[in-house]
Amino acid sequence: MSFRSIVDVSMSPQGDRVAYVVSTPSLTRNQHVAELFVVPASGGVPKRLADTTRVLNTPLPSPKLRWSPDGTRISFLGLTAGKPQVFAVDPSTNDARALTDAAEGTSAYEWAPDGRSLAYLTRDPAPEEEQRRQQDMSFVIHAGAPERANRLAVRRLQTGGDTAAAARLLTPPSYYVDSLAFSPDGKEIAFAAAPAGGFMSQYMTRIYAVPFGGGTSRVIVDRPGMNSTPEYSPDGAHIAFITSNGVASLMSPRSLAVVRLADGAPPRTFPLDDAWVSDVTWARDSKSVYLLATDGTFGRREHMFEQPIVRVSIESGKAERFDRGAAANYSLTISRDGARLAHRVVEPQTMGDVFVTDAASGRATKITDVNPELRDLARGEQKAIVWRSFDGMEIWGLLLTPPGYTAGRKVPLLVYCHGGPNGGVTYGLFPQFMHVVSQVDYYPVEAMASAGFAILFPMPRGGAGYGEAGQRSIVNAWGEADYKDIMTGVDDLVAKGIADPDRLGVMGASYGGYMTNWIVTQTNRFKAASAGASLSDLADEYFLSDAGEIMAEYFKRPWEARESYAAHSPLTFADRVTTPLLIQHGERDNRVPIANAWKFYRALKQMGKTVELDIHPRSGHVFYEPMQERQAMRRNLEWFMKWIAVKSD
């Protein structure tokens, strides 16, 4: 719980400095404390900034770092009066000032190219009548009522940027805006918006542009599915964006697309063999883009645990990997002249650090060391492994072995099933969650390895690494081939003399919790199991979850496929369970409502099975409070130590 995580990185326009935010869990404050630093791009002693301002950290740090166009200030989201607002700090004086005062706070923002204005997103305030009812306690929630819109606003900053003029709204309340970007000349703002809010709104986004001075929005990209995070090319001729290729589907890859603005031609999509892309950043020449990618061209086989930097030519479509080695990259930013990239790099069994990469040579230099104590701690080996599944398909996973492990010695094995189902794991000290503050994980895998366990992180079909066809292979088939992929991985480690077949455990959260529940209804090979945020009744997941339509994509709707919902629900087979099971669930989990936990617990309890249920107060689908996180980790370590002997033979 003392390890630090880098949660955002931003290269200065001049390419001479890098701003970054470090998150440290505080047990006394029961929150993740975020601190802003700046360091020379060539490396050196970091300088802490804005130490009297609270960087946004609820529920997790999300600072959204930016530099002012002239490079004199670093902006970020900070908290004031409980609301996130845009702040800017001058690195030379450490003077931090709020630039917005939106009644409902700010969720995203961008500087105008001239540095004299900000565009930002803010939610509509509650109507006066609703506010009155909330005050007198007569307010009720109407199911199905539309959410308050997320609007695009602009605000001119007065000289020096320390005070601001009144904000203007540029979008109507019928638009739920989720991302924005200024054109290079500052005359218009591109934005992505959906006609409704909620989980599925991300799959209903179109891209528009609106004049900076206000007026009617024009449509840039009008097609179904996800069309989001627009980015103008430096010459203003194109907009790059992320798209689900005209399909509103959880399983469709999130691809790079580019649209030419001059003639209204249809967008060109660069599928990269079903890669999922993020952090799209234009090269200075406007002829190519950098991006981060999982799955697809550069994310198959032994590379599916990496998130490489990729450069794509928008003319030829040629893609080349820009980084080297086994690592996952995050928070990709670039200097104005395109000469330097700054980003977070997570290598095997690290928490990640800031690297600066030279665009001409591709040479990367590490410029921070936020967890130096890791060098003095014994860690096991983390490596990619492969095996053949029941039908001959090649399946991959990560294997973490105990510190000092020697080949030929059988050790107890814990199988860690990932979330999703279309998720996966990456390199890092917490392979399930290296993309966010890492202490959110339920399972302290490195502590488990130090206690003598090996941990297998399987990547079964249905998740990342096998393209869209791989994801769709478990439609109407949860717990079938994916279950067999996992079990053949266990068999492979047993056959190789690594895993002791009499000392096996299984764990996982969300879809990993579903898979854990499913596994203990299908086999008695495991001596202990732990399921977090787990599904037991798939019909409940459709009816009660804030993302219930996901279930319809896999199984149709419950009244259309009653038999299939029952046949793939662990609750149906609760009587078969013999494995001691720990269930952990957030009291306020909207993604996998707690009814799933209660049903499985009560069924097993009434049947006399060994089962325990831990309910985490205030927590949702993921536990964010450090005290709750630590308790969950301790509980899991103790649970497996209790049921599985870890002493070597």
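Placed above this text is the structure.
So, here's what we can say about the structure. None of these values were measured; they are calculated from a predicted model.

**Some points on the overall build of the protein**
The number of helices and strands found in the protein is 10 helices and 37 strands. Relative to the globule expectation of 26 Å for 649 residues, the C-alpha radius of gyration of the protein, 25 Å, shows essentially globular dimensions. Expressed along its principal axes, the backbone C-alpha trace of the protein runs to roughly 70 × 60 × 50 Å. With 649 residues in all, the protein has 58% of them scored as buried. Considering only intrachain contacts with a sequence separation of at least 6, the fraction spanning at least 24 residues in the protein is 57%. Here the protein displays about 25,500 Å² of accessible surface, and carbon together with sulfur accounts for 50% of that area. Counting 69 positive and 72 negative side-chain charges, the protein places the averaged centre of each group 1 Å from the other.

**Overview of the environment of Ile220**
Structurally, Ile220 is set in strand E17 (residues 218-221). Linking Ile220 and Phe191, residues 29 residues apart in sequence, is a C-alpha distance of 9.4 Å. Residues contacting Ile220, with those up to four places away along its chain left out, are Ile207, Tyr208, Ala209, Ile239, Val259 and Leu261.

**Considerations on the nonpolar core**
Judged by nonpolar contacts, the single largest core of 128 residues is most densely connected at Leu36, Leu256, Leu291, Leu413, Ile455 and Trp478. Among residues more than four places away in sequence, those in contact with Leu36 are Ala19, Tyr20, Val21, Lys47, Arg48, Leu49, Ala50, Leu65, Ile74, Phe76 and Val89. Counting 17 residues, the second-largest nonpolar core is a separate cluster that includes Leu170, Leu180, Ala193 and Val210.

**Some thoughts on the side chain of Glu446**
Here Glu446 lies in helix H2 (residues 445-450). Here Glu446 is buried and forms no salt bridge, its nearest opposite-charge partner Arg379 lying at an N-O distance of 6.1 Å. At a separation of 3.2 Å, a polar atom in the side chain of Glu446 contacts the main-chain amide nitrogen of Gly380. Not counting residues within four places of it along the chain, the set of residues in contact with Glu446 comprises Gln349, Arg379, Gly380, Leu400 and Leu429.

**A short note on the pairing of strand E14 (residues 176-182)**
A regular strand carries its side chains on alternate faces of the sheet. Burial analysis of E14 places 6 of its 7 residues in the buried class, the great majority of the element. Here E14 runs beside strand E15 (residues 188-194); their pairing, made up of 6 bridges, is antiparallel. Bridge assignment links Phe182 to a residue of E15, and that residue is Ile189.

**Here's the deal with the sheet that holds E14**
A sheet is described by the order of its strands in space; here 4 strands give the open sequence E14-E15-E16-E17, paired in antiparallel fashion. Edge positions in the open sheet fall to E14 and E17, since each of these has one partner strand only. For this sheet, the mean inter-axis angle between neighbouring strands, taken without regard to orientation, is 35°. Note: strand E16 (residues 206-211) against E17, 3 bridges, orientation antiparallel. Paired with Ala209 across the two strands is Arg218, which belongs to E17.

**What to know about the packing of helix H4 (residues 481-495) against helix H5 (residues 511-522)**
Their axes nearest at 11 Å, the elements H4 and H5 cross at an angle of 75°. With respect to H5, the element H4 is oriented roughly perpendicular. Across from Asp482, Tyr483 and Ile486 in H4, the residues of H5 making contact are Tyr511, Met515, Trp518, Ile519 and Gln522. Among the residues making up the contact of H4 with H5, the classes are represented as 6 nonpolar, 1 polar and 1 charged.

**Observations concerning the environment of Asp540**
Its location among the elements puts Asp540 in helix H6 (residues 538-544). Put simply, Asp540 and Tyr565 are 25 residues apart on the chain and 9.7 Å apart in space, counted from C-alpha to C-alpha. If we skip the residues at most four places from it in the chain, Asp540 touches Ser545, Ala595, Asn596 and Lys599. At 2.8 Å, the side chain of Asp540 forms a polar contact with the side chain of Lys599.

**Brief notes about the packing of aromatic side chains**
Describing an aromatic ring pair means giving the distance of the ring centres and the angle of the ring planes. Within this structure, the stated rule accounts for 25 aromatic pairs. Seen in terms of ring centroids, Phe191 and Tyr208 are 5.3 Å apart; in terms of plane orientation they differ by 20°. Their pairing is stacked. Placement of the pair is Phe191 in strand E15 and Tyr208 in strand E16, with a sequence separation of 17 residues. As far as burial versus exposure is concerned, Phe191 and Tyr208 are alike and both buried.

Rules used throughout
Residues numbered from 1 in each chain as written. Predicted model: local features only at pLDDT ≥ 70, side-chain atom pairs only at ≥ 80, totals over all residues. Heavy atoms only, no water. Helix = DSSP H or I, 4+ residues; strand = E, 2+ residues; numbered from the N terminus. Rg over C-alpha atoms; globule rule 2.2 N^0.38 Å. Buried < 20%, exposed > 50% of the residue type's maximum accessible area, 1.4 Å probe, protein only. Contact = heavy atoms within 4.5 Å. Areas by Shrake-Rupley, 256 points an atom, 1.4 Å probe, with all protein chains shown as cover. Lys, Arg positive; Asp, Glu negative; His and termini not counted. Charge placed at Lys NZ, Arg CZ, Asp CG, Glu CD. Core = buried A, V, L, I, M, F, W, Y, C linked by side-chain atoms within 4.5 Å. Salt bridge = Lys/Arg side-chain N within 4 Å of Asp/Glu carboxyl O. Polar contact = N/O pair within 3.5 Å; in protein donor to acceptor, adjacent residues only side chain to side chain. Pairing = 2+ DSSP bridges. Axes fitted to C-alpha atoms, helices over the stretch in contact; angles between N-to-C directions. Parallel < 35°, antiparallel > 145°, perpendicular 65-115°, else oblique. Nonpolar A, V, L, I, M, F, W, Y, C, P; charged D, E, K, R; others polar. Phe/Tyr/Trp six-rings, centres within 6.5 Å; stacked < 30°, edge-to-face > 60°.

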